[in-house]
Every structure is written in C-alpha cells, then in structure tokens.
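Topology and contacts: notes
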Amino acid sequence: MTSPKIVDYMITARCTLKCPFCYGPEPDAFVDLPPDQVETLLSFFAEKIVSGINFAGGEPFCYPQFSRIVKTARQLGFWLSLQTNGLEPDKLAPLLQELDWICLPIDGLTPETSKILRTSRSHFQHIKRCLDLIAPYRIKGLRLKIGTVITAHNINEISAIAEFLNDVRPDVWKWYEVRPRGLGAENFQTLRTTQESILKMEKEVRARYSGINLTVSLTDDTIKAHFIIKIGRAH
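This text gives an overview of the structure that appears in the document. Computed from a prediction, not measured in an experiment: that's the story for all the values here.

In terms of helices and strands, the protein carries 10 helices and 9 strands. Against the compact-globule benchmark of 18 Å for 235 residues, the protein has a radius of gyration of 18 Å, which places it among compact chains. Projected onto the principal axes, the alpha-carbon positions of the protein cover approximately 45 × 40 × 40 Å. Within the protein, the proportion of its 235 residues that are buried is 46%. Put simply, of all contacts in the protein between residues at least 6 apart along the chain, 76% involve residues at least 24 apart.

Take a look at the structure:
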C-alpha cells in the first residue's frame, strides 16, 4: 500500500507580512500563474494520483482568484489544507466548508512579540477572529493545526501560548526551529535559540499540557524531508 501523495503548493510568493524568519521566495521573485493554468496543473496532479493539496505561499489570499482555485480543487476530489497567516478572516470564512485542514500561526500573544515576529502588532487578534470562525466547522470535522516558530524572542512566551491552546485544543501544535533560508538566513543570528532550549521547553510543555498534541520540527529533521519543484514564470 502506497502512502498518500500530498503536494505543498505555494500558489503565490506575495504576502501581507514580512516575517523575519520567512524561508519563502522574495514576493516579486515569480509572476503568478493565471487561474486557467493553475487549474490545468491541478488536473495534472489529479491524474498522477495526488490525493491532497496544501495551499501555501507567500500568502494564498494574495492570489486574486484564490477562492475559485480552492473550489476547483475540491471539485477534482482533493483533500484540502490551507496554510494562511490569518490576516484575512473575512476571505477565509467562505472557504472553510471546502477545507479538511486549516493551518494558522501563533508566535506570540503580545503586540510587542507579534510586531517583532509577524511585523503586525494586531496579528494575534486576527488569529483569534479566525479561531472564532473556525470553531463551528471543527464540530463538522475541520481539523486545526497551529504552527509556532521558536525563536530567542518568544521562547519565554511559549508557556503562555500553551495555556491559550490548552483551551483551543488544536489537532496539532507544531513547533519549528528557525531555518537559515530566505529572510531566516539574514536574521538567523538574532532569531535562533539553541536546540537544547527548545527541547527543554518541549519537555516542560508536555509535562504540564498532556492534552495538547505537540510535534517539534528541528532543522536537522527536515533538510532531507522535502524537495521543491519551481512552477511559475520569473520576471
């Protein structure tokens, strides 16, 4: 029996934030494919027995006809996941019924930490709005993943995030070590914290919040876990 094939599809390089740890491409690195070409690509994936699409970016909602693409993907029978920064709750709401998973970031609860790590003081407020919208759909089966990039700026806030998530109860809370790639490479020395610190915090959180499904992704674990295919048009 073969494992299901899941494609992480970065539909656009554009984003509404400029997070200092971002390992994605520069926002103007590629021209977005037009919708008809995206739909052709999705049909190709379906023919190759891809079972799921995880839409990511950049920020997927920066793609002008993203709603159309999501609905086309659902019509093709894909399992669907969306990774979004959470700044567009009103655009997210109409698509929730099409999704199997929704992935949101929480890197800090305070405006100060949000400003440093997400370049938006109000980021956490947007995330809470998204969580309110998602709640009724979770009862119907929508699954929630929360991602947190562990840095020197927020490691002392992780316990507070855990306390918040203990009530939210995401299906997965995934921690990421800062990757020395993209903006993450430029800011690596000021962002990074030691793996020992991350693992110590992991032990503390697991001991106190055993009901949270926590996974930890260290750089060493992921270097050989993915490969990237560039599909798009350069300027």
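Moving on to the state of the cysteines. Throughout the structure, instances matching the rule amount to 0 disulfides. For the unlinked cysteine Cys-15, the closest cysteine sulfur is that of Cys-62, found at 5.9 Å. The structure places no disulfide on Cys-103, whose sulfur is separated from the nearest cysteine sulfur, that of Cys-130, by 12 Å. Residue classification places Cys-103 among the buried residues on the basis of a relative accessible area of 10%.

With that out of the way, let us pick up the nonpolar core. Counting residues in hydrophobic clusters, the biggest one holds 51 residues, and the most contacted among them are Ile-53, Phe-55 and Trp-173. Among the elements that line this core, the one with the most residues is helix 5 (residues 123-139), at 6 residues. Setting aside chain neighbours within four positions, we find Ile-53 in contact with Val-7, Tyr-9, Leu-42, Phe-45, Phe-78, Trp-79, Leu-80 and Ser-81. Counting 9 residues, the second-largest nonpolar core is a separate cluster that includes Cys-19, Phe-21, Leu-87 and Phe-188.

On to the side chain of Glu-177. Checked against the element boundaries, Glu-177 lands in strand 7 (residues 172-177). For the buried Glu-177, which has no salt bridge, the nearest side chain bearing the opposite charge is Arg-179, at an N-O separation of 5.4 Å.

Below, the discussion takes up the packing of helix 6 (residues 158-168) against helix 9 (residues 195-208). For the pair helix 6 and helix 9, interaxial distance at closest approach is 11 Å and the crossing angle is 30°. Comparing the axis directions of helix 6 and helix 9 gives the class roughly parallel. The element helix 6 and its partner helix 9 pack so that their crossing is right-handed. Residues Ile-158, Ser-159, Ala-162 and Glu-163 of helix 6 form the contact with helix 9, whose own contacting residues are Met-201, Val-205 and Arg-208. Taken together, the residues that form the contact of helix 6 with helix 9 break down as 4 nonpolar, 1 polar and 2 charged.

A few words on the sheet that holds strand 7. Read from one edge of the open sheet, 7 strands run 1-3-4-5-6-7-8, paired in parallel fashion. Whereas interior strands pair on both sides, the edge strands pair on one side only; in this sheet they are strand 1 (6-10) and strand 8 (214-217). Looking at each pair of strands side by side, their axes are set apart by 20° on average, direction ignored. As paired strands, strand 6 (residues 143-150) and strand 7 are joined by 6 bridges and run parallel to one another. In the strand pairing of strand 7, Ile-150 is matched with Glu-177.

Turning next to the pattern of salt bridges. The final tally for this structure, using the stated rule, is 8 salt bridges. The partner of Arg-118 in a salt bridge is Asp-107, and the shortest N-O contact between them spans 2.5 Å. Placement of Arg-118 in helix 4 (residues 111-118) and of Asp-107 in the loop between strand 5 (101-105) and helix 4 is noted, with a sequence separation of 11 residues between them. Asp-107 matches Arg-118 in its accessibility class, with the two residues each being buried. Notably, a salt bridge pairs Asp-171 with Arg-143, separated by 3.7 Å at the nearest N-O pair. Of the two residues, Asp-171 sits in the loop between helix 6 and strand 7 while Arg-143 sits in strand 6, which places them 28 residues apart along the sequence. Arg-143 sits in the partly exposed class, given a relative accessible area of 39%.

How each quantity is defined
- Residues numbered from 1 in each chain as written.
- Predicted model: local features only at pLDDT ≥ 70, side-chain atom pairs only at ≥ 80, totals over all residues.
- Heavy atoms only, no water.
- Helix = DSSP H or I, 4+ residues; strand = E, 2+ residues; numbered from the N terminus.
- Rg over C-alpha atoms; globule rule 2.2 N^0.38 Å.
- Buried < 20%, exposed > 50% of the residue type's maximum accessible area, 1.4 Å probe, protein only.
- Contact = heavy atoms within 4.5 Å.
- Disulfide = S-S within 2.5 Å.
- Core = buried A, V, L, I, M, F, W, Y, C linked by side-chain atoms within 4.5 Å.
- Lys, Arg positive; Asp, Glu negative; His and termini not counted.
- Salt bridge = Lys/Arg side-chain N within 4 Å of Asp/Glu carboxyl O.
- Axes fitted to C-alpha atoms, helices over the stretch in contact; angles between N-to-C directions.
- Parallel < 35°, antiparallel > 145°, perpendicular 65-115°, else oblique.
- Left-handed = near helix turned anticlockwise from the far one by under 90°.
- Nonpolar A, V, L, I, M, F, W, Y, C, P; charged D, E, K, R; others polar.
- Pairing = 2+ DSSP bridges.

Scope: geometric values only; no functional claims are made or implied.
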